[in-house]
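The chain contents come next:
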Amino acid sequence: MSLREHALSLFRSVVGTVRPAPMLKRAVKLQGDGCPQLLVKGQAFPVKRDLYLVGFGKAVLGMAAAAEEILGDHLIRGIINVPLGIQESLQRAGMQEMLLKPHSKIQVIEGAKNNLPDPEALKGAVAIQELAEGLTADDLLLVLISGGGSALLPAPIPPILLKEKEKLTKMLASRGAAIQELNIVRKTLSLLKGGGLAQLAYPAQVVSLILSDVIGDPLDIIASGPTVASSHSVQDCLQILTKYNLLHNLPKSVETVLSSSPTKPTAPEDYSHVCNVIIGSNTLALDEAKRQAEDLGYATLILSTAICGEVGRVATLYCQLVQLVCLGLASLGEGPRSEEVRGNLLQLVAELEIPGLNLANFLQALQGLGPERPVCILAGGETTVQLQGTGKGGRNQELALRVGLGLHRARAMETGSPLGRCEIVFLSGGTDGQDGPTEAAGAFCSPELVEAALQEGLDVEAFLSNNDSYTFFSQFQGGHHLLVTGLTGTNVMDIQAILVRATERS
Ligand SMILES: Nc1ncnc2c1ncn2[C@@H]1O[C@H](COP(=O)(O)OP(=O)(O)OP(=O)(O)O)[C@@H](O)[C@H]1O
Ligand SMILES: O=C(O)[C@H](O)CO
């Protein structure tokens, strides 16, 4: 098998591991017939009378199918908001276990094309709001939450219009706002986000099962925390709008809401009827990828499950890492060139402030791998792209293209570069199967990409300066380097795999 085939098989098995149904089934059980109890990761919730279910996010269809199987007749009714086209995509892929049964009690609303709120998603949000408002103290509301939930549960505070909120979120995202910043703004302008849904469901017991797609699993940020007390204030929102130069450009309606918002977040004691539980994350995915890569014969290390930062800086980080791996495979891991690359890496990581990454330990482990076996480095997280151009792309495809360019330059700059003595493949992909507003999940690259593209008349730098990575990869070698999976029905951020093997021994 080629390195590319290995990378593809790792990606596919990762996505398989974080399928929502098995994760939900591991976390939830229903016990007892007379006085049933819902058991969630060891905590018991009595089902006093009726059990309802709502959900929103890219992975929620499969979560709902599994939940309905567990809850059986105890479930009275459910409503879930899921991405447009997901039922068809999963049907086509033969993933029946992620689909609801024909007479399901759960109503499915599809919306939020390209991960942007739309009237369909709004319709679903209104239906969920009405269901929550009608609950009593004897009811239990199971809330299924996953990434993409923010766009699928839009409920702008009047008089803000859906279009106005969509435009503001789009502008923030295109200026490179991180998901934390984006969702603090979304929470301030929404009826249901930032704990709003939990408040509406009171006095019912609320149990939220959450599949995390945010670094560090922050409950109040994932899908903008509709069942979590928000620790953010309107002041935080104003700061973010100022940072991205949007404060003086706001629609009147947004100004009205901001000036009348309470200055303090709701007290945490108002959430005593709520339990929020994380049932899966990127860590699980990378652990499985590591196991698989080792089975394939690679000496494997996980760099981090929290890679974040501007896409160009992250690409530089990966290029330096590849160079270090190649130096190691060329038995040059101890020399001055390796020292220099290690220094660059330490500086880059300090600048990127990747949470929890102990690079010194990682580098030591890398040095210990030795030159005998091919090397696989795995990482997960989410980069940010500051859009400068008008092209079509996503952060994974842009990252892959930037890594391809970086490796090409590194090889060209150094005669006898260790990159020339290795076969290298880099893959970056979104586990949800959709990278930005494109049909691909991500892309592969290698140091040869730039030259091969030039032979086809494709100038990588020109595509990059227009944020046009999808167009590039679609045209280059007939789209061979695109990672295309279709919507996967799960969502635990992005993953990157670097596979390197020596082609000649020094
Ligand atoms: N042309 C482009 N080139 C590169 N990145 C882009 C481009 N257009 C959009 N993006 C990036 O794609 C991101 C949105 O992608 P996507 O819809 O896959 O979001 P997501 O973060 O995976 O969604 P969620 O976390 O809600 O599941 C934005 O951060 C945006 O900057
Ligand atoms: O929906 C969202 O807000 C993002 O996917 C983060 O969870």
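The structure contained in this document is the topic of the report that follows. Small disclaimer: the values here were computed from a predicted structure and weren't measured.

Thoughts on the site of ligand 1
Argument step 1. Taken together, 21 residues surround ligand 1, and among them Lys58, Asn115, Asp213, Asn467 and Asn491 come closest.
Argument step 2. The separation between an oxygen atom of ligand 1 and a polar side-chain atom of Asn115 is 2.7 Å.
Argument step 3. In the model, an oxygen atom of ligand 1 is placed 3.1 Å from a nitrogen or oxygen of the Gly436 main chain.
Argument step 4. Summarising the interface, the protein chains cover 85% of the accessible area of ligand 1, which totals 640 Å² for the free molecule.
Argument step 5. Looking at the shell around ligand 1, its residues break down into four nonpolar, 10 polar and seven charged.
Argument step 6. Composition of the shell around ligand 1 by domain shows at least three residues from each of domain 1 (32-154 + 194-229 + 267-280) and domain 3 (283-502).

Some points on helix α11 (residues 252-260)
Argument step 1. Listing the buried residues of α11 in full gives Ser253, Val254, Val257 and Leu258. Angularly, the buried residues of α11 cover 130 degrees about the axis, an arc narrow enough to put them on a single face. For α11, the exposed residues set more than 90 degrees away from the buried face come down to Lys252, Ser259 and Ser260.
Argument step 2. Residues of α11 that are buried in the fold lie against α7 (162-174), α8 (179-188) and α10 (234-243).

Topic: unusual backbone geometry
Argument step 1. Residue Pro159 is bonded to the preceding Pro158 through a cis peptide linkage, with omega at 5 degrees.
Argument step 2. Here Pro159 shows up in the loop between α6 (149-152) and α7.
Argument step 3. The omega torsion across Tyr202 and Pro203 is 10 degrees, close enough to zero to call that bond cis.
Argument step 4. Topologically, Pro203 is positioned in the loop between α9 (196-201) and β8 (205-211).
Argument step 5. Even without being glycine, Asp217 reaches a positive phi, approximately 50 degrees.
Argument step 6. Along the chain, Asp217 falls in the loop between β8 and α10.
Argument step 7. Overall, the relative accessible area of 29% leaves Asp217 in the partly exposed class.
Argument step 8. Despite not being glycine, Met493 shows a phi value in the positive range, around 70 degrees.

A look at the packing of helix α13 (residues 311-329) against helix α16 (residues 395-413)
Argument step 1. Remark: α13 packs on α16, axes separated minimally by 8 Å, with the N-to-C direction vectors making an angle of 45 degrees. Considered as vectors, α13 and α16 are oriented oblique to each other. When you trace α13 past α16, the crossing you get is right-handed. Residues Val311, Gly312, Val314, Ala315, Tyr318, Cys319, Val322 and Gln323 of α13 form the contact with α16, whose participating residues are Arg395, Glu398, Leu399, Arg402, Val403, Gly406, Leu407 and Ala410.
Argument step 2. Its residues assigned to classes, the contact of α13 with α16 comprises 10 nonpolar, three polar and three charged.

Conventions and cut-offs
Residue positions within a chain follow its written sequence, with the count starting from 1. Each chain takes a letter, starting from A, and each ligand takes a number, starting from 1, following the order in which they are written. For this predicted model, a pLDDT threshold of at least 70 governs which residues receive local features, and a threshold of 80 or more governs which side-chain atom pairs are given and counted, while totals over whole chains, interfaces and linings are taken from all residues. The basis for the side-chain values is all heavy atoms of the structure; hydrogens and waters are excluded. Being near a molecule or strand, for a residue, comes down to having at least one heavy atom within 4 Å of it. Pairs of N or O atoms within 3.5 Å make up the polar contacts considered here, provided that, within protein, one atom can donate a hydrogen while the other can accept it, and that residues adjacent in sequence are counted only when both atoms are side-chain atoms. Using a 1.4 Å probe, accessible areas were evaluated by the Shrake-Rupley method; residue-level cover was limited to the displayed protein chains. Only Asp, Glu, Lys and Arg are considered charged, only Ala, Val, Leu, Ile, Met, Phe, Trp, Tyr, Cys and Pro nonpolar, and every remaining residue, Gly among them, polar. In this entry, domain limits derive from an automatic or database-based domain assignment. Three exposure classes are used, based on accessible area relative to the maximum for each residue type with a 1.4 Å probe and protein chains only: buried under 20%, partly exposed in between, and exposed over 50%. Helix and strand labels come from DSSP, where a helix needs a run of H or I of at least four residues and a strand needs a run of E of at least two; each type is numbered from the N terminus. Directions are taken from the helix axis to each C-beta atom, and the arc is the one they span. In what follows, residue pairs with any heavy atoms lying within 4.5 Å of each other are defined as contacts. Where helices are involved, their axes are fitted lines through C-alpha atoms of the stretch in contact, as for all axes, and angles between N-to-C directions lie from 0 to 180°. Any angle between 65 and 115 degrees counts as roughly perpendicular, while under 35 counts as roughly parallel, over 145 as roughly antiparallel, and the rest as oblique. Helix crossings are classified by the rotation of the near helix relative to the far one: an anticlockwise turn of less than a right angle makes the crossing left-handed, while a clockwise turn makes it right-handed.

Nothing here speaks to function; it is all geometry.
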